[in-house]
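What follows is each chain in one-letter form.
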Amino acid sequence: MNGTARNVTLWAAAAGVVAIGLAVAAGELSAALLSPSLSPVSAVGSVVIDAMPAPVKDWAIGLFGTADKAAFLVSMAAVIAVIAAAAGILELRRPPAGVVIVSLFGAAGLAAVLTRAQMSVLSLVPPLLAAGVGILVLRAFRARILSWRDASPGEAGARRRDVLLTVGGGAAVGVAAGALAGASRAGQINTVASRAGVVLPAAALPATPIPAGAELGISGLDPVLTPAADFYRIDTALSVPLVDPQQWSLKVTGLVDREVEITFAELLAKPLQESHVTLACVSNEVGGSLIGNAKWLGWPVRNLLAAAGVRDAADMVLSTSRDGWTASTPLEALTDSRDALLAVGMNGEPLPLEHGFPVRLVVPGLYGYVSATKWVTELKVTRFSDDAAYWTDRGWTERGPIKLSSRIDTPANGASPDAGAVTVAGMAWAQHTGIRGVQVRVDDGGWSDVRLASGISADTWLQWSAVLDLAKGDHTVTVRAIDANGREQDEIVRPVVPDGATGLHTIRLAVR
Ligand SMILES: Nc1nc2c(c(=O)[nH]1)N[C@H]1C(S)=C(S)[C@@H](COP(=O)(O)O)O[C@H]1N2
Ligand SMILES: [Mo]
């Protein structure tokens with residue numbers, strides 16, 4: 001291949017990338033102007049995420065942690081760029097193969113948008129516009145690259161400059177449009193502003209204060225109250241659903257005597273109560289950090305259900321999020337004496353956007369996937385035999401009580417403390433049952449009780465610590481918890497699927 005032929009191929013590839021880049025930018029920009037929830041990139045990404053088999057998703061979450069969304073978007077961009085480069089080359093050599101590829105992208109965007117929760121005719125605009133822009137730009141670049149390839153030696157320089165300017169110019173426009181699309185996500189800015197404008201009422205029933213002895217203040221140990229900024233985040237939403245509190249309402253439907261609907265203003269006017277509840281994710285590995293404790297402000301769900309009048313046949317409430325995600329919660333967990341809340345506040349602030357602004361469910365004792373619906377918009381009173389929720393349809397169990405567990409926070413696994421007195425500390429939890437004791441074991445020795453911090457309530461985790469006398473050499477330290485009923489933590493190792501991991505957390509120490 002001579003130099004020019006290789007250059008032509010490279011520019012054809014670049015033309016493909018720029019054409020698809022402009023197409024994506026056009027789609028995102030039109031979506032940003034029409035409504036942020038119409039983003040074709042988010043729609044395609046969400047479909048891909050939904051279609052991923054659960055083990056792949058779990059693997060990705062484990063691999064990328066909370067950066068999983070950014071990592072996913074970057075991988076998606078890389079895959080698209082490779083296909084786009086191929087489309088550029090193919091359109092030059094085997095037209096209309098490139099146009100066909102761009103059309104397939106448009107069709108994928110269209111199909112994805114059609115499956116999302118808030119479909120309307122408007123949803124069709126961004127993917128169709130994107131495909132149109134992609135095809136026109138690709139054809140225009142092709143014509144210029146061809147006339148450069150076929151130019152006489154005297155004209156080649158000018159033709160080459162033409163290609164450079166149009167493809168380069170196209171790239172610049174694409175970057176600018178993409179930046180504009182990002183910036184003009186006006187909805188996001190509006191939602192941030194609405195959140196800043198929310199004034200939470202004082203709780204009619206304030207939380208029991210955190211006892212003085214709840215915080216042991218040991219470095220490396222998680223605080224007993226998790227700041228919202230450090231609170232783990234798990235959801236299937238690629239872009240955070242933006243819900244205007246003025247527009248928000250929650251409907252109770254299904255097996256009820258009368259459907260009821262409550263607005264945000266009406267909810268804030270109710271006598272709200274505050275309680276500390278430790279949320280946990282079923283995907284939390286033994287020793288993992290997908291768990292956090294916050295002070296939630298809200299109205300007990302049972303009051304709203306009572307207003308609707310729950311029929312006898314019901315045994316489950318299917319809650320739906322603004323983005324279509326669903327959770328199935330046993331009816332009794334929402335109607336018994338526990339503080340299952342329609343929460344509006346987290347640690348004294350309105351809910352952060354990522355944690356469900358303006359309203360989410362918080363149910364003590366149940367994993368998030370069966371209870372903690374963020375951006376909640378509907379409660380359908382129903383039966384387990386009639387309805388299934390998002391994760392239940394994907395191999396996780398119908399009911400998800402949080403399992404008794406414990407964790408060593410410090411020292412870190414693999415640390416090498418000095419021989420002698422070594423402080424070991426961590427967390428233990430048995431939400432809605434409570435913790436009676438925590439024990440640690442060095443190597444294969446016996447179990448010994450540790451010092452328990454004062455707990456806040458049975459619905460929250462608590463800190464523990466122990467000072468161990470460790471000799472020089474390699475050691476393991478293992479922890480187990482005992483719940484308020486005297487049940488010991490399950491030491492059999494089980495994976496997170498289908499209803500939460502079990503096993504004991506062990507760390508290795510190389511004592512010096
Ligand atoms: N709308 C919506 N709510 C959701 C989810 C979701 O994917 N979408 N995930 C649930 C899961 S699996 C967990 S563990 C908790 C996590 O809540 P957090 O992100 O506020 O910590 O939210 C629950 N609520
Ligand atoms: Mo979860």
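Scroll up for the structure.
What you see is a predicted model; the values in this text were computed from it and never measured.

Visitor: Summarise the overall build of the protein; cite the residues concerned and give the values.
Guide: From N to C terminus, the protein includes 11 helices and 18 strands. Structurally, the protein occupies a C-alpha span of about 90 × 70 × 40 Å along its principal axes. Residues counted as buried form 49% of the 512 residues belonging to the protein. Partitioning the intrachain contacts of the protein with sequence separation of at least 6 by distance along the chain shows that 75% fall at a separation of at least 24. Accessible surface computed for the protein: about 22400 Å², of which carbon and sulfur atoms make up 59%.

Visitor: Please give an account of the pattern of salt bridges that cites residues and values.
Guide: Overall, the coordinates contain 17 salt bridges when judged by the stated rule. A salt bridge links Arg 407 to Asp 222, with the shortest nitrogen-to-oxygen separation between them at 3.1 Å. Taken together, the residues span a long stretch of sequence, with Arg 407 in strand S11 (residues 405-410) and Asp 222 in the loop between helix H8 (186-197) and strand S1 (249-254) at a distance of 185 residues. Look at the salt bridges and you will find they share partners, linking Asp 222, Arg 407 and Asp 409 into a network.

Visitor: Could you give an account of the packing of aromatic side chains, naming the residues involved and the relevant values?
Guide: Evaluation of the coordinates by the stated rule reveals 8 aromatic pairs. Taken together, a centroid distance of 6.3 Å and an interplanar angle of 85 degrees make the contact between Trp 248 and Phe 264 edge-to-face. A residue pair is termed long-range when its members are at least 10 positions apart, and Trp 248 in the loop between H8 and S1 and Phe 264 in helix H9 (residues 264-268) qualify at 16 residues. On the accessibility criterion, Phe 264 (8% relative accessible area) is buried. For the pair Tyr 390 and Trp 391, a centre-to-centre distance of 5.0 Å together with 75 degrees between the ring planes defines the contact as edge-to-face.

Visitor: A description of the nonpolar core should follow, citing residues and the corresponding values.
Guide: Within the largest apolar cluster, 78 residues are counted, with the highest numbers of intra-cluster contacts made by Val 252, Trp 296, Leu 304, Leu 342, Val 344 and Leu 379. Setting aside residues up to four positions removed in sequence, Leu 379 forms contacts with Leu 250, Lys 251, Val 252, Thr 253, Val 301, Leu 304, Val 317, Leu 318, Ser 319 and Leu 361. In terms of nonpolar packing, the next biggest core, distinct from the first, is built from 21 residues, Ile 408, Ala 428, Leu 470 and Val 477 among them.

Visitor: Can you lay out a nonpolar patch on the surface for me, pointing to particular residues and giving the numbers?
Guide: Together, Leu 34, Leu 122, Val 125 and Leu 129 give the surface a local cluster of nonpolar side chains, amounting to about 300 Å² of exposed area. Mapped onto the elements, Leu 122 comes out in the loop between helix H5 (97-115) and helix H6 (125-149). Here Leu 122 falls in the partly exposed class, since its relative accessible area comes to 44%.

Visitor: Outline H6, supporting the account with residue identities and numerical values.
Guide: Between its first and last C-alpha, H6 extends 36 Å over 25 residues, near the 36 Å set by a 1.5 Å rise per residue. If you check which residues of H6 are buried, you get Pro 126, Pro 127, Ala 130, Ala 131, Gly 134, Val 137, Leu 138, Phe 141, Arg 142, Ile 145, Leu 146 and Trp 148.

Visitor: Now, about the site of ligand 1: what can you tell me, with residues and values included?
Guide: The immediate surroundings of ligand 1 are formed by 18 residues, with Tyr 232, Thr 236, His 355, Arg 360 and Lys 374 found nearest. Ile 234 is positioned such that a nitrogen or oxygen atom in its backbone is 3.0 Å from an oxygen atom of ligand 1. Contacts to ligand 1 include Lys 374, whose side-chain N or O atom sits 2.5 Å from an oxygen atom. Within the complex, the protein chains bury 98% of what would otherwise be the 530 Å² of accessible surface of ligand 1.

Visitor: Please provide a residue-by-residue account of the environment of Leu 205, values included.
Guide: Relative to the elements of secondary structure, Leu 205 occurs in the loop between H8 and S1. When the C-alpha positions of Leu 205 and Pro 271 are compared, they lie 7.6 Å apart, and in sequence the two are 66 residues distant. Other than its neighbours up to four places away in sequence, Leu 205 contacts Leu 272, Gln 273 and Glu 274.

Visitor: Talk me through the sheet that holds strand S5 (residues 316-321); I want residue IDs and the actual numbers.
Guide: Strand order in the open sheet formed by 5 strands is S2-S1-S10-S5-S6, and the pairing between neighbours is mixed. Whereas interior strands pair on both sides, the edge strands pair on one side only; in this sheet they are strand S2 (260-263) and strand S6 (326-330). Within the sheet, the average angular offset between the axes of one strand and its neighbour, ignoring direction, is 20 degrees. Bridge count for S5 against strand S10 (residues 376-382) is 6 bridges, and the pairing is antiparallel. Bridged to Leu 318 within S10 is Lys 380.

Visitor: Go over the pairing of strand S4 (residues 291-300) with me, naming the residues and quoting the values.
Guide: Extensive coverage of S4 is indicated by the burial of 9 of its 10 residues. Bridge count for strand S3 (residues 273-280) against S4 is 8 bridges, and the pairing is antiparallel. By the bridge assignment for S4, Glu 274 is matched with Leu 297. The pairing of S4 with strand S7 (residues 341-346) spans 5 bridges and is classified as antiparallel. Among the inter-strand pairings, Trp 296 is bridged to a residue of S7, identified as Met 346.

Thresholds, definitions, all that
- Residues numbered from 1 in each chain as written.
- Chains lettered and ligands numbered in written order.
- Predicted model: local features only at pLDDT ≥ 70, side-chain atom pairs only at ≥ 80, totals over all residues.
- Heavy atoms only, no water.
- Helix = DSSP H or I, 4+ residues; strand = E, 2+ residues; numbered from the N terminus.
- Buried < 20%, exposed > 50% of the residue type's maximum accessible area, 1.4 Å probe, protein only.
- Contact = heavy atoms within 4.5 Å.
- Areas by Shrake-Rupley, 256 points an atom, 1.4 Å probe, with all protein chains shown as cover.
- Salt bridge = Lys/Arg side-chain N within 4 Å of Asp/Glu carboxyl O.
- Phe/Tyr/Trp six-rings, centres within 6.5 Å; stacked < 30°, edge-to-face > 60°.
- Core = buried A, V, L, I, M, F, W, Y, C linked by side-chain atoms within 4.5 Å.
- Patch = residues over 30% accessible without salt bridge, like charges linked within 9 Å, V, L, I, M, F, W, Y side chains within 5 Å.
- Expected span 1.5 Å × (residues − 1).
- Near = heavy atom within 4 Å.
- Polar contact = N/O pair within 3.5 Å; in protein donor to acceptor, adjacent residues only side chain to side chain.
- Pairing = 2+ DSSP bridges.
- Axes fitted to C-alpha atoms, helices over the stretch in contact; angles between N-to-C directions.

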